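# Fold and contact review
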Amino acid sequence: MISLKPLPTNLDSSFFHSLMPFKSFNPKTQTLKYSKSHSHSAVQSVLQWNRKPELAGETPRVVVITSGKGGVGKTTTTANVGLSLARLGFSVVAVDADVGLRNLDLLLGLENRVNYTLVEVMNGDCRLDQALVRDKRWSNFELLCISKPRSKLPLGFGGKALVWLVESLKTRSEGCPDFIIIDCPAGIDAGFITAITPANEAVLVTTPDITSLRDADRVTGLLECDGIRDIKMIVNRVRTDMIKGEDMMSVLDVQEMLGLALLGVIPEDSEVIRSTNRGYPLVLNKPPTLAGLAFEQAAWRLVEQDTMKAVMVEEEPKKRGFFSLFGV
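Going by the annotation in an unreviewed UniProt entry, the name recorded for the protein chain is CobQ/CobB/MinD/ParA nucleotide binding domain-containing protein, with Manihot esculenta given as the source organism. Per UniProt, the protein chain carries the Sequence similarities (unreviewed entry) text "Belongs to the ParA family. MinD subfamily."

Laid out in structure tokens, this is it:
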């Protein structure tokens, strides 16, 4: 069911003329009339953002964000998708499972507030609620790091520790979180196995280059062998100008090569570096950037277990006149 919020009284009619499906607006009665020439799906695409997405599946939903190859944007995806879920009203616990090379706290601007980690919780040095760092901007978003920087995991610490963590979060007094998002380290060694053990669904982050795609294909097979069947894909750092010049594979090519459902497409954006250095995720920028909007849409699809479809748009051939025969 679609629920609409009342329109504010300080909006002029120019705002509503910018909405494509609508052709007129009456400020006195605050009613919209839409043109019949636009399809019903166009109207729904405008109205769907006025509702909260319906959470599909059982909670908590444990999602691991992985890729195999380093530097494709796993941590950036974890930070932006996690905060987008929190902004949609869902409780989120983000787990940085990269041992010794954690960066999720830097992207969230929480590096000075991490005093305890999961290793210290397992050793009995602190409680779990002390290790969880609550974001001051969105109180329903919490961060948990596995270990401190430049440290090694103790012997015996593996996937069972994260399974214990998930069970502890289910029974905590504050309530069970809706999402537990695990930022998986690069590679397919012990850290990878530890991160994917408690997950029941995965988001595979890749870029449109052959090295990233080969690693992504290998990781997909390992996830399926571990029993994770719900695998979706985010294609990051897409440049339309290079795709038009046939210097980069299109999203459709990537999807055909990997055979995975598409969760989102993130365009190349220089604002990513600025937001990373400031510790301020893209989805919180005002005005929003293209990459930030793409992350929000991916989070929306993740909530409803929805996907998107990549299509090929054929350009009309240029009309050739008589003088084109002479190279003009």
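Among all positions of helix α11 (residues 251-258), only Val251, Leu252, Val254, Gln255 and Leu258 are buried. Projection of α11 onto a plane perpendicular to its axis shows the buried side chains occupying an angular sector of 160 degrees, all on one side. Tucked into the core, α11 has its buried residues touching β8 (201-206), α9 (210-225), β9 (230-238) and β10 (261-267). Of the residues flanking the end of α11, it is Gly259, one or two places downstream, whose phi is positive at about 70 degrees.

The next point concerns the sheet that holds strand β7 (residues 179-183). Judged by pairing direction, the sheet is mixed, and its 8 strands sit side by side in the order β5-β6-β4-β7-β3-β8-β9-β10 without closing on themselves. Only two strands of the sheet have a single partner each, and these edge strands are β5 (133-134) and β10. Summarising the sheet, β9 and β10 pair through 5 bridges and their orientation is parallel. When the sheet's bridge partners are listed, Ile234 is paired in β10 with Gly264. Relative to β7, helix α3 (residues 74-87) is tilted by about 165 degrees, and along the sheet it contacts β3 (61-66), β4 (92-96), β6 (141-145), β7, β8 and β9.

With 7 of 9 residues buried, β9 is to be regarded as a mostly interior element. In this structure, β8 lies alongside β9, joined through 6 bridges in parallel fashion. For Ala202, the partnering residue across the bridge sits in β9 and is Ile231. You can see the chain leave β8, run along α9 and come back into β9, and the turn it takes is right-handed.

As a further point, take unusual backbone geometry. Here Thr59 and Pro60 are connected by a cis peptide whose omega angle stands at 0 degrees. Mapped onto the fold, Pro60 is located in the loop between α2 (40-47) and β3. Omega for the bond connecting Lys286 with Pro287 falls within 30 degrees of zero, at 0 degrees, which places this linkage in the cis form. If you trace the backbone, Pro287 turns up in the loop between α12 (271-278) and α13 (290-303). In this structure, Gln305 takes a positive phi of about 55 degrees despite not being glycine.

About the cut-offs
Residues numbered from 1 in each chain as written. Predicted model: local features only at pLDDT ≥ 70, side-chain atom pairs only at ≥ 80, totals over all residues. Heavy atoms only, no water. UniProt positions renumbered as here; feature names shortened; annotations may be inferred. Buried < 20%, exposed > 50% of the residue type's maximum accessible area, 1.4 Å probe, protein only. Helix = DSSP H or I, 4+ residues; strand = E, 2+ residues; numbered from the N terminus. Arc of directions from axis to C-beta. Contact = heavy atoms within 4.5 Å. Pairing = 2+ DSSP bridges. Axes fitted to C-alpha atoms, helices over the stretch in contact; angles between N-to-C directions. Right-handed = clockwise from strand over helix to strand, strands pointing away.

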